[in-house]
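The residues making up each chain are set out below.
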Amino acid sequence: MSGATAGGAVARANASLVIEVERVRWRLGEFAAHPGQWVAVVPEEEAGAGDPAPAVGRVLATLAAPAEGTLEVLGSDPQRLSYADLQALRRRIGLVQSWGGLLSNRTIAENVALPAAVHGAPDGRHAGAVAGDMLDALGLASVAEARPHQVDRLTRWRARVARALMLAPAWVVVEGVGDWAPGGSAAWSALAAAVAAGAAAVVCMSRPAPAFESWLSTRGGETVPCRRGAPSAGPGREERR
Amino acid sequence: MTAVDRLGAWVLGGVRTAYLLMGFLYLSAKMLWVGRRQGAREVLRQVLLQVYFTGVRGVVPVAALAMVIGALAIAHGFAVVGPLAGGEELGRLVILVVLFEVGPLLTAGVVIVRSVTAIAAELGVMRVQREIEALEAMGISPILHLVTSRLAGGLAALLALNVVFAGVAVATGLAAAAWLPAGVPEEVLNAVLWALTPERLLMLAGKVAVGGLGVLVIGCYHGMEVADSPTEVPVAVSRAALRALVFLVVWHAGVSLWGLASGGDGWGRLL
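Definitions and cut-offs
- Within each chain, residue numbers correspond to sequence positions counted from 1 in written order.
- Chain A is the first chain written and ligand 1 is the first ligand written, with later ones labelled in order.
- In view of the model being predicted, local features appear only for residues whose pLDDT reaches at least 70, and side-chain atom pairs are presented and counted only at 80 or more, with totals across whole chains, interfaces and linings using the full set of residues.
- In computing side-chain properties, one takes all heavy atoms of the structure into account and sets aside hydrogens as well as water.
- Only runs of H or I of at least four residues qualify as helices and only runs of E of at least two qualify as strands under DSSP, and these elements are numbered from the N terminus.
- Burial classes follow relative accessibility: with a 1.4 Å probe on protein chains only, a residue under 20% of its type's maximum area counts as buried, one over 50% as exposed, and anything between as partly exposed.
- Here, two residues are considered to be in contact whenever any of their heavy atoms come within 4.5 Å of each other.
- Calculation of accessible area relied on Shrake-Rupley with a 1.4 Å probe; when residues are assessed, cover is drawn exclusively from the protein chains displayed.
- The charged-residue count follows a simple rule in which Lys and Arg add positive charge and Asp and Glu add negative charge, with His and chain termini not counted at all.
- Charge placement uses NZ in Lys and CZ in Arg. For Asp and Glu, CG and CD serve respectively.
- When two components associate, each loses some accessible surface as probed by a 1.4 Å sphere; the sum of these losses over both components is called the buried area.
- When a carboxyl oxygen of Asp or Glu is within 4 Å of a side-chain nitrogen of Lys or Arg, the pair counts as a salt bridge.
- Under this grouping Gly is polar, as are all residues other than the nonpolar Ala, Val, Leu, Ile, Met, Phe, Trp, Tyr, Cys and Pro and the charged Asp, Glu, Lys and Arg.
- Pairing between two strands requires that DSSP report at least two bridges joining them.
- Axes here refer to lines fitted to C-alpha atoms; in helices the fit is confined to the stretch in contact. Angles between the N-to-C directions go from 0 to 180 degrees.
- Polar contacts here mean pairs of N or O atoms no more than 3.5 Å apart (in protein, one a potential hydrogen donor and the other a potential acceptor; neighbouring residues in sequence count only if both atoms are side-chain atoms).
- The rule is simple: put a 1 Å grid over the protein atoms alone, call a set of points where a 1.4 Å probe fits but cannot get out a cavity, call an open set with protein on both sides within 12 Å along at least five of seven lines a pocket, and count a residue as lining if it has an atom within 4 Å of a point.
- Grid points are joined across faces, edges and corners, and a volume is the space filled by probe spheres set on the points.

S.K.: Which residues make up the overall build of chain B, and what values go with them?
M.R.: Check the secondary structure of chain B and you find 9 helices and 0 strands. Its C-alpha atoms put chain B at 70 × 55 × 35 Å along the principal axes. Split into buried and exposed, the 271 residues of chain B put 47% on the buried side. Considering only intrachain contacts with a sequence separation of at least 6, the fraction spanning at least 24 residues in chain B is 85%. By element, 73% of the accessible surface of chain B is carried by carbon and sulfur atoms, the whole surface being about 13,000 Å². With 18 positive and 16 negative side-chain charges, chain B shows a separation of 8 Å between the mean positions of the two kinds.

S.K.: Lay out the interface of chain A and chain B with the relevant residues and their values.
M.R.: If you look at the interface, chain A gives 29 residues, while chain B gives 28 residues. Between chain A and chain B, roughly 2,300 Å² of surface is buried when both sides are summed, and carbon and sulfur atoms account for 50% of that area. When residues of chain A are sorted by the area they lose upon contact with chain B, A:Gln87, A:Arg106 and A:Val118 head the list and together hold 21% of the total. For the pair chain A and chain B, the number of links is 4 salt bridges. In this structure, B:Arg45 and A:Glu110 form a salt bridge, with 3.7 Å as the shortest nitrogen-oxygen distance. Of all the secondary structure elements, the ones that give two or more residues to the side of chain A that touches chain B are helix 1 (52–60), helix 2 (83–90), strand 7 (93–96) and helix 3 (108–119) of chain A. The element that contributes the greatest number of residues to the side of chain A that touches chain B is helix 3 of chain A, accounting for 6 residues. When grouped by side-chain class, the residues that make up the side of chain A that touches chain B number 12 nonpolar, 8 polar and 9 charged.

S.K.: Help me get a handle on the sheet that holds strand 10 (residues 222–229) of chain A, residues and values and all.
M.R.: Residue and element names in this part refer to chain A. Spatially, 2-3-10-5-9-8-7 is the arrangement adopted by the 7 strands of the open sheet, whose pairing is mixed. This sheet does not close on itself; its edge strands, each paired only once, are strand 2 (17–21) and strand 7. This sheet shows a mean twist of 20 degrees between the axes of neighbouring strands, independent of strand direction. Across 4 bridges, the pairing between strand 7 and strand 8 (residues 171–175) is parallel. The partner of glycine 94 across the bridge, within strand 8, is valine 172. Helix 1 rests against strand 2, strand 3 (24–28), strand 5 (38–43), strand 7, strand 8, strand 9 (200–204) and strand 10 of the sheet, and its axis sits at about 165 degrees to strand 8.

S.K.: How would you summarise the side chain of B:Thr54 if you had to cite specific residues and measurements?
M.R.: Residues and elements named next belong to chain B. As for its placement among the helices and strands, threonine 54 is situated in helix 2 (residues 40–55). Judged by relative accessible area, threonine 54 falls into the buried class, the value being 1%. One polar contact links threonine 54 to glutamine 50, side chain to side chain, over a distance of 2.8 Å.

S.K.: Describe the sheet that holds strand 1 (residues 11–13) of chain A, naming the residues involved and giving the relevant values.
M.R.: Remark on secondary structure: sheet strands pair via backbone hydrogen bonds, oriented parallel or antiparallel. Residues and elements named next belong to chain A. One open sheet accounts for 3 strands, arranged 4-1-6; its pairing is antiparallel. The outermost strands of the open sheet, each flanked by one partner alone, are strand 4 (31–33) and strand 6 (71–73). Each neighbouring strand pair of the sheet contributes to a mean axis angle of 5 degrees, computed without reference to strand direction. Where strand 1 meets strand 4, 3 bridges bridge the pair, whose relative direction is antiparallel. What sits directly across from alanine 13, in strand 4, is phenylalanine 31.

S.K.: Account for empty space enclosed by the protein, with residues named and values stated.
M.R.: Inspection of the entire model under this criterion finds 4 cavities of 30 Å³ or more. In terms of lining residues, the largest cavity is bounded by 14 residues, among which A:Ile93, A:Gly94, A:Arg163, A:Ala164 and B:Met138 are the most central. Residue assignment for the lining of the largest cavity shows that the elements contributing at least two residues are strand 7 and helix 5 (153–164) of chain A together with helix 5 (131–137) of chain B. For the lining of the largest cavity, the leading source of residues is strand 7 of chain A, giving 3 residues. Among the residues making up the lining of the largest cavity, the classes are represented as 9 nonpolar, 2 polar and 3 charged. Roughly 90 Å³ of volume is contained in the second largest cavity. Contributing to the lining of the second largest cavity are A:Leu103, A:Asn105, A:Arg106, A:Leu114, B:Gln46, B:Met126, B:Leu135, B:Ile140, B:His145, B:Leu146 and B:Arg150. With 3 residues, helix 6 (residues 142–177) of chain B is the largest single contributor of residues to the lining of the second largest cavity. Classifying every residue of the lining of the second largest cavity by side-chain character gives 6 nonpolar, 3 polar and 2 charged.

See the structure below:
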């Protein structure tokens, strides 16, 4: 598995990607994300029924296949990889979910340390030590021993950012803008540092956010439109049962 | 739809479910090899947690049941069989009925009530809360870390609980026999030792292991089957409990009938 697609992009949609969940379709424009680059997938209108951010995030993080089009991540087409190779690829991807995702039977510190505890930290250090540094950097040290349900929504989001960055990913997929604020935040500073260090990041937005898009454009970010398509004629989940 | 259509659909549904469960079990076993470099300590932690929840915390209800069953078997056995036979036959009754039939069934029943439902609920909630999706995104196999570990831990705990049940039932039975006329306790003890042959114990271990693996796989499968709606979790839990119970009864009845059909007490002639 090479480290980049042809042309040096970390991730590339070779044609318009069509993403379909529960008979709701979104069509993304073509894009190529290079090392050190931000990309934002922005819906053209308020989403209404169905939030595009998790659906788009799942596809860009290789967890689901697009209904149409092909996505290349780190030089590989995820659909053509064996399960073992796909898992190896996912170790180099950091997904920041917009909600959920933290293991409720573990503390914040254990959640953040989990990727390194399973795969080993990139620099060979102890998973707990790397997680400790990450918790400090994101202002999570005071809640390290709390369970996810014991902290507020934005703290959980920061914990998801910390966990996504634990293995120094080359491709970071962020669902929603989380605790972003014009004045900056610890989580977005950490994400920006990862991008500055050579990762590419895509922000999958639930709705247009001009202030955030403006912030991104000052960093050379590319905006990819996301259009809602006509519903598919196939059976929905309820009908398939 | 005619009755034949309904019967056919029911049979086909059962075959499909059995096929899916076998595939799920195969995948769980395969992950031991495919995911061998995926944090053995984390997997071991999950195994030990399952041993604790299913085994350690299940000791009290299983021991309580074993005491009641062991004492009742002796008391009723003596009242009904004792006058006709003797202490040795009473001991065989305790061993064959209580330890080889009732014990494994009740112990697995306790595991279904306490652990299979809990596993189905936990995995279902993890699905809804996108925790399993998060594991997949990190390149961590949810099957290895959540299913294989629960199967291993649950099975080890179930085997241990059967030993607890057997020990407590025999001890209670012997204590109850102490109230009977002189000589009966010794005859009961001799019958117990006579019945506990390596062949019978091996057969019992196989019966318990397959039955236990079956109910645990059913719990994990229905938990992982939940998609994204919280309303699917209670459905998955009730479906897991019912199917596990049906499987358990059919499996135990099948093994016992097979043993009886092979002659004798059904246990000595099987191997």
